[in-house]
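# Per-entry structural report
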Amino acid sequence: KEAARAFLPLYRRASPDSPDAQRLRLLIGMADYGAADYAAAVPYLRDAMARDPQNLPYRLVLAHSCLWAKQYPCVLDVYHQILNLNAESAEADMLAGEAYDEMRDHQDAIQQFRNAVKADPRVPGVHFGLGYLLWCQSQYDEAAQQFQLESENSPNDAQSIAYWADSDVRLNRSDAARPLVEKALK
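Residues numbered from 1 in each chain as written. Predicted model: local features only at pLDDT ≥ 70, side-chain atom pairs only at ≥ 80, totals over all residues. Heavy atoms only, no water.

### Looking at helix α10 (residues 158-170)
With 13 residues, α10 extends 18 Å between its outermost C-alpha atoms, agreeing within 8% with the 18 Å of an ideal straight helix rising 1.5 Å per residue. Buried residues of α10: Ser-160, Ile-161, Trp-164, Ala-165, Ser-167 and Asp-168, and no others. Projected down its long axis, α10 carries its buried residues within an arc of 160 degrees, all on one side. If you follow the buried residues of α10, they end up packed against α8 (126-136), α9 (140-153) and α11 (174-185). Just beyond α10, the residue with positive phi is Asn-172, at close to 60 degrees. (Helix = DSSP H or I, 4+ residues; strand = E, 2+ residues; numbered from the N terminus. Expected span 1.5 Å × (residues − 1). Buried < 20%, exposed > 50% of the residue type's maximum accessible area, 1.4 Å probe, protein only. Arc of directions from axis to C-beta. Contact = heavy atoms within 4.5 Å.)

### Concerning the side chain of Ser-89
By the element assignment, Ser-89 lies in the loop between α5 (72-85) and α6 (90-102). Polar contacts involving the side chain of Ser-89 include one to the main-chain amide nitrogen of Ala-92, which spans 3.1 Å. Beyond its immediate sequence surroundings of up to four residues, Ser-89 is in contact with Ile-82 and Ala-119. (Polar contact = N/O pair within 3.5 Å; in protein donor to acceptor, adjacent residues only side chain to side chain.)

### Remarks on the packing of aromatic side chains
Counted by the stated rule, this structure contains 11 aromatic pairs. Judged by centre distance (5.6 Å) and plane angle (75 degrees), the ring pair of Phe-128 and Tyr-163 falls under edge-to-face. Separated by 35 residues along the polypeptide, Phe-128 in helix α8 and Tyr-163 in helix α10 bring together distant segments of the chain. Residue classification places Phe-128 among the buried residues on the basis of a relative accessible area of 15%. Members of the aromatic cluster, each reached through a chain of ring pairs, are Phe-128, Tyr-132, Trp-135, Phe-147 and Tyr-163. (Phe/Tyr/Trp six-rings, centres within 6.5 Å; stacked < 30°, edge-to-face > 60°.)

Listed below in structure tokens is the structure:
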């Protein structure tokens, strides 16, 4: 937060189209993001991205800021921008899925996570996200499969293993769940 306050007077003095102003916009946005002040980060990051449209990593930061600031239309707008840069962006599909889930559109959320799995099944959290959405919809068999796939990507992810075990319990497969619970606890 202190960094954003330090950069703000410099930004106000900089010529709006100068490289310094561009750099300061990004620094203020990233400082607000780092301080978890996502709503404050959004306008600076959005402006910085408008002036640097090819910057995919920072566009993802903007999308996360929008998501965590509960600005869901912004997330979907950035999602479309990211797809224009990289049509196979699993991260963008995951963000859109999270936004749809927050808007209580569970079917579109699940579809976006399915798209993310298809785009890159090795992205951390992609199978967990899909599994969790399916688990919330009581689709335990497919959820268990997704949690298993996530645990193959991240063998020490206790949360995936615990949800996998829970799915097995809900499917009356207690014998299969027991070693998973023990592994998750370790």
